[in-house]
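# Structural overview
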Amino acid sequence: MLTRRLVLIGLTFECLLFLTFFVLKDDLGEVFRYAARYSGRFSFLLYLLAFYWFIQEHTHKITLIKTKKWVTVFSIMHIIHFGFLAASVGLNHLPIVPVKLMGGFLAYVGILCYPFFIGKIRKTAHHLIYFYYVGFVMAMTFLARIRREFVGADPEVFHFIGLSLVLVSFGLAGVRLYRLKSI
């Protein structure tokens, strides 16, 4: 499937998501809170797909065509997620802790830049730094939600599942890469 088509599907999903909460919620702050929550989950699934394709293409020693497609879609959808998140923080007057934001800020920079540089990166370690760092930040977000460190976001089953999926994907990728290196 073409990247443009995937982006169009993603944009349609994000619009439907926003419109659904716009209809269901009376307060605009709640609309953006829920839109941010579920667009983040959508972005997380796109991240997992991109990571999967990187491991697949790298272990088969082929060009990272599908990886680039999925990280591009992930990047664009995560920009939308950031917009929903920023609106939610502003409208709901949520506290911001600058020190805690630094890790997420660096992840966002990586998410935005990686699709442009993926073809120029030659060292596997640099690709892995991207995937493991972004996944680490997502895992820390899930963990913070589980620990009730976010205002207005109680722990949900999804946070436990998300944290588990990150850890399992890290482990499986590590095993595949180790096997490749030891052959």
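Cut-offs and rules
Residues numbered from 1 in each chain as written. Predicted model: local features only at pLDDT ≥ 70, side-chain atom pairs only at ≥ 80, totals over all residues. Heavy atoms only, no water. Helix = DSSP H or I, 4+ residues; strand = E, 2+ residues; numbered from the N terminus. Rg over C-alpha atoms; globule rule 2.2 N^0.38 Å. Buried < 20%, exposed > 50% of the residue type's maximum accessible area, 1.4 Å probe, protein only. Contact = heavy atoms within 4.5 Å. Areas by Shrake-Rupley, 256 points an atom, 1.4 Å probe, with all protein chains shown as cover. Axes fitted to C-alpha atoms, helices over the stretch in contact; angles between N-to-C directions. Left-handed = near helix turned anticlockwise from the far one by under 90°. Core = buried A, V, L, I, M, F, W, Y, C linked by side-chain atoms within 4.5 Å. 1 Å grid on protein atoms, 1.4 Å probe; cavity = no way out; pocket = protein on both sides within 12 Å on 5 of 7 lines; lining within 4 Å. Points joined across faces, edges and corners; volume = space filled by probe spheres on them. Nonpolar A, V, L, I, M, F, W, Y, C, P; charged D, E, K, R; others polar. Polar contact = N/O pair within 3.5 Å; in protein donor to acceptor, adjacent residues only side chain to side chain.

## Regarding the overall build of the chain
Regarding its fold elements, the chain presents 6 helices and 0 strands. When its helices and strands are written in sequence order, the chain yields α-α-α-α-α-α. Relative to the compact-globule value of 16 Å for 183 residues, the chain shows a C-alpha radius of gyration of 17 Å, a close match. Taken over the C-alpha atoms alone, the chain extends approximately 55 × 35 × 30 Å along its principal axes. The burial tally for the chain puts 40% of its 183 residues in the buried class. At a minimum sequence separation of 6, the contacts of the chain that also span at least 24 residues come to 71%. Only carbon and sulfur atoms are counted for the fraction: they give 72% of the accessible area of the chain, which is about 11000 Å².

## Things to note about the packing of helix H1 (residues 3-24) against helix H2 (residues 28-59)
Where H1 meets H2, the closest approach of the two axes is 8 Å, and the angle between their N-to-C directions is 145°. Crossing handedness for the pair H1 and H2: right-handed. Residues Gly10, Phe13, Glu14, Leu17, Phe18, Phe21 and Phe22 of H1 touch H2, and the partners they reach there are Leu28, Val31, Phe32, Tyr34, Ala35, Tyr38, Ser39 and Phe42.

## Section: the nonpolar core
In this structure, Tyr47, Phe74, Tyr130 and Phe131 are the most contacted members of the largest nonpolar core, which totals 34 residues. For this core, the element with the most residues is H2, which contributes 9 residues. In contact with Tyr130, other than residues within four places in its own chain, are Val71, Phe74, Gly110, Ile111 and Tyr114. Core analysis: the next-biggest nonpolar cluster, separate from the first, contains 8 residues, Leu17, Phe21, Val31 and Ala35 among them.

## Remarks on the layout of surface pockets
There is about 1500 Å³ of room inside the largest pocket. In terms of lining residues, the largest pocket is bounded by 48 residues, among which Leu85, Leu101, Thr141, Arg145 and Phe150 are the most central. Counting only elements with at least two residues in the lining of the largest pocket, the list comes to H2, helix H3 (65-91), helix H4 (98-117), helix H5 (124-146) and helix H6 (157-182). Grouping the amino acids of the lining of the largest pocket by side-chain chemistry returns 30 nonpolar, 9 polar and 9 charged.

## A word on the side chain of His81
Counting through the fold element by element, His81 comes out in helix H3. For His81, the side chain forms a polar contact with the side chain of Ser39, separated by 3.0 Å. When residues no more than four places from it in sequence are discounted, the contact partners of His81 are Ala36, Ser39, Gly40, Ser43 and Tyr108.

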